[in-house]
Every structure is written in C-alpha cells, then in structure tokens.
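The residues making up each chain are set out below.
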Amino acid sequence: IRNLRREYTAIRNLFNRSGLKYGEQTKILRNLLHTSASNHQQRQDGDDKDNKNDDNEKLSSIIAKVFLWLLTAYMLVAIMSIILPNQNQPEVLIRYVSWNEFLYQMLAKGEVEEIIVLPELDMVTVVLYPGAIIKGRRTDQNTFHINIIDPERFEDKVREAERRLGIPAGSGVPIVFKRNSDTIGKLLATIILASVLLSAFSRARTIKNPLSIDKISQLGRAKFTLIDPISGQGRGVKFSDVAGLHEVKMEVMEIVDYLKRPEHYKELGAKVPKGALLLGPPGCGKTLLAKAVATEAKVPFLTMNGSEFIEMIGGLGAARVRDLFKEGRKRAPCIIYIDEIDAIGRKRSGTFAGGLDSTTGEGEQTLNQLLVEMDGMASKEGVLMLASTNRADVLDKALLRPGRFDRHILIDLPTLKERVEIFEYHLKNITLEQPPETYAKRLAHLTPGFSGADIANVVNEAALHAARHLNSKVSRADLEYAVERVVGGTEKRSTSMSPEEKKTVAVHESGHALVGWLLPFAEILLKVTIVPRTNLALGFAQYAPQDKKIYSTDELYAKMCVALGGRAAEAIVFNRVTTSAQNDLKKVTDVAYAMVRTFGMNNIVGLVSFEEKEQGNRPYSKKLTSVIDHEARQIASKAYLETEKLLREHRDKLDLISNALLKKETLSYMDIEELIGPPPYGKRRIIDKADFDISLDNIVPPKDDSPNEQPQRGN
C-alpha cells in the first residue's frame, strides 16, 4: 500500500506540473487503471487457455499411450495363444495309444466317457470315466491321445466300430470337434483396427509416427564431419606436429595451395587436381596428415569413413555419396576426405553372382556413384578429393586413374633420419633424465622397420615402465626396455624351466651370439638373454639392425650361419639336438631356396628367378625342381658344417658365454667384450635377434592367401 501511495503521489505531482485540470487528470487515471486491469485480465485468460490446451494435449497423449500399450498386450496374448497349446491341447505328460488299443481295451469295454477331436493337430483326445480299468488294471490317467490321418472321417469310423461291437445307434460315445482357427481372424482384425487408429492419431499429431517420411529420407544423408575454418578450430594437429614425411608434406601443401590460389595456376594453363590418394603401411601417419590438412587448409573439410557408406538397406551407399558431394559443392572450394576408402573402392568382379565375398550389388553401386561424382558429366571444380588406404592393391583401376586421383602419395615406413625426428617429437611429451636428442638417435638405430605408431607405442611403454617402478623420470633403461617390450614381448620370469632346459637355452643363444661375433659379414650381438618372453621362444638374442634392402651372397650366407649357430652349439656341447631350432631351420630353408630360385645366386640353376607358387602351378619342370631342392639343401648343409667348425675352434669362448649367461641371465655387448675380447673383424653393425628374424622375413616374405597383397608390418 505504501508503494502504491508513493506512485500515486508521484503521478499527481507530474500532472500538476503539466498544467492539466483536475477533471482531465481523473479521467486519464481511470482510463489507465481500466486498461491495466483489462490487459491483466486478458493475459490471465490467455494463460488459462494455454494451460487448458497443454492439459488437453497431455491427457490425449496419455490416453493414446495407454491405448497402445493395451493393444500391444492384447496382440501378444493372441500370438502366444496361437503358438503355445491351450487347455484343449496335449498336456505336459502325454500318452498315446493305438487304434486297436482304443477300440478293444477302451471302447469295447465301455470305459470311454467322451472323445474330443482336434482337426488342426490331427489328434484325438480320449477321455475315460474316473477309475476306468484298462488291461485289468485301474488307471490313474483318464486322458489318452490318438494320432489320426483324416479328422473328418474319424466320427464315421468310430460309429462303424460301435455298430460292429453291438452298441445301438444313439447310445454311442459323444464326439466333440474343437477348432481354434478363429484366433487368427481375430488377430488380423485387431491389427487392421490398430493400424487405422494409429493412422488417425498420427494425422492428429497427438503421437509421433515412428516411420515418418523425414526419418526415411534422412537415411540417405551423408553422416560426415565438417571442419569449417570460420566456425571451428580444426583437429588441433598442424603440419609441424607431423614429424618426418618432408616430401609428403610438400606435396599435400601444394595441393592445398591449389584450392587457395586457383587463379595463379590457371594463368599458366594448369588444371587443379581432382584428388590425392595417400598410400602406405598401417601406422605411418596417413590419417594424421589428413588431420593436419583439415587444420591448416583454411577451407571447409568434410570427412567420412569408408565403412559409413554401406548399410543393410540397398541404395543407401550411393545416396550418401551423392549427398556428400552435394554438400561439398555448396561449400566449394573444399576438401572431401574418405578414410579407409578400400571399404567402398574394391575392384568390381564383373559378374552379378552376389554372395558375401562379392563386390557386386550395394558395394558396386556405391563405387559407381563415387566414380561419377569424382569425374562424371556433372562434376565441377572446387572440390578436392583426399583419401587414404593401406590396401591399394584391392582398389578398382577406374578409381585410381588420373582425373579422379591425380596424385598417388606413398607414405612409407620412416627412414633413420625420420625416426630420429619422430622420437624427438614424442620424447618431448614425457619427463626424461636428459634432453630428447640424447636418446633419439640410438633408439632410431634400434628400431628399423618401425612405423610412427610403433615409435609412439615405444615411448609410451617407457613412460609406463618408469611409472610402474615409481621413478620420477624416464631413463635410458626404461626406453631400451620399451624397445624389447614392443619387439619381443614382456618378460615371463614366472615361467619355470628345469636346470637342464635352462642350460640348453643358454648354449643355444650363446651359439647365435658367438657366430655373429666371429663372422666378418654378420651382425654383432647387442644383448642376449635367457629370460622367457611372451612373443618369442625361451631365449632372446638382440643385435643392432640396419636399414638395408640389398644383400650380397656373403651377407645372406652369414645370416644362415648365425641362424644355425644355436643348433650347432647344442650338437657340440650335448652331442644331441632339440626342437628349439625349429624356427631357425625354417628361416634358413626359406633363405636357401630364395638364393637358388629367386635371386639367381646359384651357378647350376643359373640366372633365373621364379616366384614361389602353390604346388602344381610352378612354371618350371620337375627336373629343375629336383635341382633346386638339391642345391638349396647343399647350401644349408654347407652353412651348418662351417658354423659347426667355427664353434668347435672357439669352444672355450662358447663355454664362457653360456656359463656367464646361466649366472646373469642377460649379457650385453660390453659383457661379451669383457669375456672373449673385441670382435676379430672390428665393431660392425649391431642387431637384436628379433630384428634379425624380421630381416630374414623381409628377404623371403611369408606366404599369403591373396597373391595381390604384400605383407606389411602392422601397428
């Protein structure tokens, strides 16, 4: 009230200063009060109406939901009544009788009270009187069943049997027919009624139709991720974050420059490339490079995975390709990136046989639409296609041709220099005892054939190992452990070995190490251990590898001798051999055959080269096959004899290494040098046993079921 009086007094003072008469002032105040009251009343009435409408909508929605739940429950009950037997159908304990048993043991003796015929089940239920006597015994069960062939003629058959038994007409056993076919009709009527009511509710918009046209049309929309330079900040990855790959980054940045300054190239008559395909083994940075492009291109970047195009519904893949390029043209100039494009770009089979392994049908339609969108009648400039895959051999040739993917950019496994840069980049993110440059070069030498993902895993394993041992900083030992962990697996010190087995493993690994130490063309030992590991055998000899793709005859022969050193050492020390050399012998066999059959390093077979194929498909005669087998066996035997001779001449050194290995379990290069002196041919390449095996695998690639696929080192 006080506030109201203050406002009234203020309004009066305002009117007095305005010079209006008292009557005019009173009239204006009355109009204001009336207008405010009426507006307040109108707002209140409007709110009441809105509340009533909301209540009505809520009530109708609740009624609709309750009706649908009741209808669903009724339909379930009806369906269950069809599937499951009711009370007229057989019980859990069912006993069947034959026609003769029913006729002579039940009907003829007057024990049958009622017969129930179930035509849908081709079965008859015979109901006996309580305490009926069957075969001279009182039976506790008064319900029996008979399987019949023709339910319609069963009653005539029973009446004829009663006539032969002397039962007068009209005094026979009552026969009742029971049918359940009306349940299906009721269910169909219920479904039709529910459909009509559901349609009525949908039109009234009281409830939402779960199968609306909007949802069906949205199935064909491309589920892409848009990285817009105006509204977004990219993926947080820049070209400076991509270590190594200098030539690849230059090519990709050049393509991006085409989109930024197309007029500069058009003045010289150059055409903007339509697309670029990133190829290479897994874990080498293809997707990482695409993220850097998305961040630094300064144009819209649309990205999808190849597997997101294909669905169970036919035609969705092609529709999503059309929608993706439609969105790209709206935002031109832009980049469209498809990761793992081999999911939709596989070679077309040329047949329409279908099947799970065929690319016809949905996959082929998607590929055809992609080909048309990239370089078809309606294609336009301003949209650059970027894709990545590690299965370039399975892609369709039409997809790889110029005009679609003009640039094929190979991202191979990093070189030594690139591995140094990658290690330096990842080592900056962990706490080290010394600067990253101190460790990077040595670690790069220890990890030939490692991809960028492998190197990141090594650094992470080193940090985890340091944290596990409660160290405040990551040391050199942690990093070297991580390399061994990735290459050979974790140590399994809990694995129990008998003293005899332990001595055998020590002699075996000492043989490998000593042969590599003494031969001029072999790699020198870096570390040898008899601690079992998860990925390898009971022992693990580590040598320092080298990035090498060309080998001489002497180098291959030395590798065979090093591999046979374990078997020869066992034969010399124990005068027996074990199964521990099985993997070594396999690799020696592969190298020997490769030297004779593939590399032309045998004078008798000559300068010919044959790829290893399945039995029966060899492009040479049986006689040449016999010669190849003989020469490969001769090379392996010669290598073994020379290895055994070398170890017999240095038996004392073999015993020193094996005994020290039994005591310490692990020996390094410095330990071996203290035991037997420096290598006779100077300090050469240092390699580990696992990388030694990998180098043999690279010389002779393992067999693959698909001839077009080359084996790659995984992540």
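Refer to the preceding data block for the structure.
Nothing here was measured: the structure is a model prediction, and the numbers come from that model. (Residues numbered from 1 in each chain as written. Predicted model: local features only at pLDDT ≥ 70, side-chain atom pairs only at ≥ 80, totals over all residues. Heavy atoms only, no water.)

Draft legend 1. Representation of a nonpolar patch on the surface. On the surface, I62, V66 and L70 cluster together into a nonpolar patch covering about 290 Å² of accessible area. With respect to the helices, strands and loops of the structure, I62 is situated in helix α2 (residues 22-83). Residue class for I62 comes out exposed when judged on its relative accessible area of 52%. (Patch = residues over 30% accessible without salt bridge, like charges linked within 9 Å, V, L, I, M, F, W, Y side chains within 5 Å. Areas by Shrake-Rupley, 256 points an atom, 1.4 Å probe, with all protein chains shown as cover. Salt bridge = Lys/Arg side-chain N within 4 Å of Asp/Glu carboxyl O. Helix = DSSP H or I, 4+ residues; strand = E, 2+ residues; numbered from the N terminus. Buried < 20%, exposed > 50% of the residue type's maximum accessible area, 1.4 Å probe, protein only.)

Draft legend 2. Spatial organisation of the packing of aromatic side chains. Applying the stated rule across the entire model yields six aromatic pairs. Aromatic side chains W99 and F102 sit 5.5 Å apart centroid to centroid with 45° between the ring planes, which places their arrangement in the tilted category. In this pair, W99 and F102 are both assigned in helix α3 (residues 99-107), three residues apart and thus about one turn of the helix distant. Take W99 and F102: they sit in the same class, and that class is buried. One aromatic cluster is present, formed by W99, F102 and F154 through successive ring pairs. (Phe/Tyr/Trp six-rings, centres within 6.5 Å; stacked < 30°, edge-to-face > 60°.)

Draft legend 3. View of the pattern of salt bridges. Inspection of the entire model under this criterion finds 18 salt bridges. One salt bridge in this structure joins R153 and D150, with 3.4 Å as the shortest N-O distance. Exposure remark for R153: the relative accessible area of 61% places this residue in the exposed category. The shortest N-O distance in the salt bridge between D590 and K586 comes to 3.3 Å. Note that D590 and K586 are positioned in helix α19 (residues 582-598) at a spacing of four residues, about one turn of the helix. Where salt bridges share partners, they join E155, R159 and E162 into one cluster.

Draft legend 4. Inspection of the nonpolar core at higher detail. With 48 residues, the main nonpolar core has L514, W517, L519, M560, L647, L667 and I672 as its most contacted residues. Secondary structure elements with two or more residues in this core: α17 (499-518), β13 (524-529), α18 (553-574), α19, α20 (622-649), α21 (651-664) and α22 (669-676). It is α18 that contributes the most residues to this core, 11 residues altogether. The next biggest cluster of nonpolar side chains, apart from the first, holds 26 residues, and it includes V237, A276, L384 and L386. (Core = buried A, V, L, I, M, F, W, Y, C linked by side-chain atoms within 4.5 Å.)

Draft legend 5. Region of interest: unusual backbone geometry. A positive phi angle is found at L245, which is not glycine, with a value near 55°. With respect to the element layout, L245 can be found in the loop between β7 (225-227) and α7 (246-260). Look at L245 and you get buried, because its relative accessible area is 8%. The residue E340 is not glycine, and still its phi comes out positive at about 55°. With relative accessibility at 35%, the residue E340 sits in the partly exposed group.

Draft legend 6. Quick look at the packing of α18 against α20. At a minimum axis separation of 8 Å, α18 and α20 run at an interaxial angle of 60°. When the axes of α18 and α20 are compared, the pair comes out oblique. In the packing of α18 onto α20, the handedness of the crossing is right-handed. Together, Y557, M560, C561, L564, G565, R567, A568, A569, A571 and I572 of α18 and I635, A636, K638, A639, Y640, E642, T643, E644, L647 and R648 of α20 make up the contact between the two elements. Across the contact of α18 with α20, the residue classes tally to 13 nonpolar, two polar and five charged. (Axes fitted to C-alpha atoms, helices over the stretch in contact; angles between N-to-C directions. Parallel < 35°, antiparallel > 145°, perpendicular 65-115°, else oblique. Left-handed = near helix turned anticlockwise from the far one by under 90°. Contact = heavy atoms within 4.5 Å. Nonpolar A, V, L, I, M, F, W, Y, C, P; charged D, E, K, R; others polar.)

Draft legend 7. Here's a closer look at the pairing of strand β10 (residues 334-339). Judged by how many residues are buried, β10 sits mostly within the fold: six of six residues are covered. A two-sided burial pattern is seen for β10, the buried positions comprising C334, I336 and I338 on one face and I335, Y337 and D339 on the other. Here five bridges tie strand β9 (residues 301-305) to β10, and the two strands are oriented parallel to one another. In the strand pairing of β10, T303 is matched with Y337. The pairing of β10 with strand β11 (residues 383-389) spans six bridges and is classified as parallel. Bridged to I335 within β11 is L384. (Pairing = 2+ DSSP bridges.)

Draft legend 8. Main features of the packing of helix α13 (residues 416-427) against helix α14 (residues 436-446). Running from N to C, α13 and α14 point in directions that differ by 135°, and their axes come no closer than 8 Å. With respect to α14, the axis of α13 lies oblique. Considering how the two elements wind past one another, α13 and α14 form a crossing that is right-handed. Side by side, α13 and α14 meet where L416, R419, V420, F423, E424 and L427 of the first sit next to P436, E437, Y439, A440, K441, L443, A444 and H445 of the second.

Draft legend 9. Focus on helix α11 (residues 362-374). Along its 13 residues, α11 runs 19 Å from first to last C-alpha, staying within 8% of the 18 Å computed at 1.5 Å per residue. The set of residues buried in α11 consists of E362, E364, T366, L367, Q369, L370, L371, E373 and M374. Those residues of α11 hidden inside the fold are in contact with α10 (316-330), β10, β11 and α12 (397-400). (Expected span 1.5 Å × (residues − 1).)

Draft legend 10. The sheet that holds strand β1 (residues 112-118), seen in detail. Judged by pairing direction, the sheet is mixed, and its four strands sit side by side in the order β5-β2-β1-β6 without closing on themselves. Every other strand in the sheet has two partners, leaving β5 (143-147) and β6 (175-177) as the edge strands with one partner each. Strand after strand, the sheet turns through a mean of 25° between neighbouring axes, direction not considered. Note that β1 and strand β2 (residues 123-128) share six bridges and pair antiparallel.

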